[in-house]
Amino acid sequence: MTERATDRFDDWLRARVPARGLRPKAAAVLEVLLSQPRRASYGSAAELAQLAGVNVATVTRTAQALGFAGWPALQQELRARYMSSLSAGQVAAEHSGTGSPSARSLRRDLDSLALLNRRMDEEALLTIAEAVAAARRTVIVADGSYAAVGLALAHNAGLAGYDVRAVTSGDAELANTIAAIGERDVLIAISFWRLYESTVLAANVARARGARVFAVTDAASPALAEAAEQVVMVPAEGVAFFPSLTAGMAVAQALVTQLAAVDPARTSASIEAAEGMWSKFGLLHRRPSGG
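Before going into details, it helps to say that this report is about the structure given with it. This is a predicted model, so every value here is computed, not measured.

A few points about the overall build of the protein
Inference 1: Within the protein one finds 15 helices and five strands.
Inference 2: Across the 291 residues in the protein, those meeting the buried criterion constitute 44%.
Inference 3: Partitioning the contacts of the protein with sequence separation of at least 6, the portion at a separation of at least 24 is 71%.

A word on helix α4 (residues 45-52)
Inference 1: Of all the residues in α4, the buried ones are A45, L48, A49 and A52. The buried residues of α4 occupy one face: seen down the axis, they fall within an arc of 100°.
Inference 2: In this fold, the buried residues of α4 make contact with α2 (24-35), α3 (37-42), α5 (56-65) and α6 (71-84).
Inference 3: Note on α4: the residue one or two positions beyond its end, G53, has a positive phi of about 70°.

Description of the sheet that holds strand β4 (residues 212-217)
Inference 1: Pairing in this open sheet of five strands is parallel, and the strands run β2-β1-β3-β4-β5 from one edge to the other. Two strands close off the open sheet at either side, each with one partner strand: β2 (164-167) and β5 (230-233). Neighbour-to-neighbour, the strand axes of the sheet open up by a mean angle of 20°, direction not taken into account.
Inference 2: As paired elements, strand β3 (residues 185-191) and β4 share six bridges and run parallel to each other. Each bridged residue has a counterpart across the sheet, and for L187 the counterpart in β4 is V213.
Inference 3: Running over the sheet, helix α10 (residues 147-159) touches β1 (137-142), β2 and β3 and is turned about 165° from β2.
Inference 4: Sheet strands in contact with helix α11 (residues 171-179) are β1, β2 and β3, and its direction is about 145° off that of β2.

Quick notes on a negative patch on the surface
Inference 1: Together, D121, E122, E123 and E130 make up a negatively charged patch on the protein surface.
Inference 2: A relative accessible area of 43% means that E130 is categorised as partly exposed.

Here we look at the side chain of S244
Inference 1: Mapped onto the elements of the fold, S244 is located in the loop between β5 and α14 (246-262).
Inference 2: Here D109 takes part through its side chain, which lies 2.6 Å from a polar atom of the side chain of S244.
Inference 3: Separated by 3.3 Å, the side chain of S244 and the backbone nitrogen of T246 make a polar contact.
Inference 4: Among residues more than four places away in sequence, those in contact with S244 are D109, A236, E237 and G238.

Focus on the pattern of salt bridges
Between side chains of opposite charge, a pair can form as their charged atoms come close.
Inference 1: In total, this model carries four salt bridges according to the counting rule given.
Inference 2: Between D185 and R137 there is a salt bridge; the shortest N-O distance is 3.9 Å. Of this pair, D185 sits in strand β3 while R137 is found in strand β1, placing the two residues 48 residues apart along the sequence. Both residues of the pair, D185 and R137, count as buried.
Inference 3: Between E173 and R165 there is a salt bridge, with its nearest N and O atoms 3.3 Å apart.
Inference 4: What you see here is one network of salt bridges that share partners, running through R136, R137 and D185.

Remarks on the environment of L51
Inference 1: Looking at the secondary structure, you find L51 in helix α4.
Inference 2: Taking C-alpha positions, L51 is 10.0 Å from E31, a pair spaced 20 residues apart along the chain.
Inference 3: In contact with L51, other than residues within four places in its own chain, are V32, Q36 and R39.

A closer look at the packing of aromatic side chains
Inference 1: Inspection of the entire model under this criterion finds three aromatic pairs.
Inference 2: Seen from their ring centres, W12 and F68 are 6.5 Å apart, and the 70° between their planes marks the pair as edge-to-face. Of this pair, W12 sits in helix α1 (residues 3-15) while F68 sits in the loop between α5 and α6; the two residues are 56 residues apart in sequence, bridging distant segments of the chain. Each member of the pair, W12 as well as F68, is classed as buried.
Inference 3: Ring-pair connections join several aromatic residues into one group, and the members of that group are Y146, F192 and Y196.

A closer look at the nonpolar core
Inference 1: Within the largest apolar cluster, 37 residues are counted, with the highest numbers of intra-cluster contacts made by I188, I190 and F192.
Inference 2: The element contributing the most residues to this core is helix α9 (residues 122-134), with seven residues.
Inference 3: Those residues within four positions of I188 in sequence are excluded, and the remaining contacts are I128, V132, T138, V139, I140, V141, L153, F214, V216 and L255.
Inference 4: Residues L13, L34, A63 and W71 belong to the second largest nonpolar core, which totals 21 residues.

How each quantity is defined
Residues numbered from 1 in each chain as written. Predicted model: local features only at pLDDT ≥ 70, side-chain atom pairs only at ≥ 80, totals over all residues. Heavy atoms only, no water. Helix = DSSP H or I, 4+ residues; strand = E, 2+ residues; numbered from the N terminus. Buried < 20%, exposed > 50% of the residue type's maximum accessible area, 1.4 Å probe, protein only. Contact = heavy atoms within 4.5 Å. Arc of directions from axis to C-beta. Pairing = 2+ DSSP bridges. Axes fitted to C-alpha atoms, helices over the stretch in contact; angles between N-to-C directions. Patch = residues over 30% accessible without salt bridge, like charges linked within 9 Å, V, L, I, M, F, W, Y side chains within 5 Å. Areas by Shrake-Rupley, 256 points an atom, 1.4 Å probe, with all protein chains shown as cover. Salt bridge = Lys/Arg side-chain N within 4 Å of Asp/Glu carboxyl O. Lys, Arg positive; Asp, Glu negative; His and termini not counted. Charge placed at Lys NZ, Arg CZ, Asp CG, Glu CD. Polar contact = N/O pair within 3.5 Å; in protein donor to acceptor, adjacent residues only side chain to side chain. Phe/Tyr/Trp six-rings, centres within 6.5 Å; stacked < 30°, edge-to-face > 60°. Core = buried A, V, L, I, M, F, W, Y, C linked by side-chain atoms within 4.5 Å.

Below, the structure written as structure tokens:
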């Protein structure tokens, strides 16, 4: 890590230490996390325990003392933060290996989906879906490559009958949209690997203006987590120089599926109306041009 990235990592981890402090063995685990973030982000609980000179149960208790369900949840956050501290070239170097790059990418995505399935907080998705259903409108902020997740979520939520808009270009469009946000609105911030400052700013301004704010991300930065009512953690590590959006897309799909179940009659009416327009525009039962 660079010095600045290391400082941020240290600050984040130390801020999670409870006011009463940690017991000596747990403090030894914390020291390994601080001094060897790369090794900790890749290793097992048993390997970390050996480095710290403790048993595996102590690693689990330390993770819980730091506010996580256990070592796997803490490691996911550690790894996301470690990867975000690297340059694009360094990220690519981290993932260099043998075998087909495409096969390694597919395996990584399958692993991420399995991890997401084990740890997904269904109550969080229900809370977000109900908030969107009750809102006057919902704004999704998703910039850069993350825009794909935001656009898919906004498109399908709109088809389900809800006023949802994705802002993906930042700057003036984002400023104008956030200027109009209010107490009856919802903002969903989507960002992986490295947070855009504009996304964090939008989330905090929306919260200050009374909107309900939610985040979909791979590492809950304090700046974003403080503004968000719920943070949905998504594994987003790829095998190249960019994050994978596969798990993020899966969360968007799950969220829209949950949203459609909140008010089935509303969704059915919206789909019927859309299908009527599709028919007018020739989007249904399209015939081959030579037919």
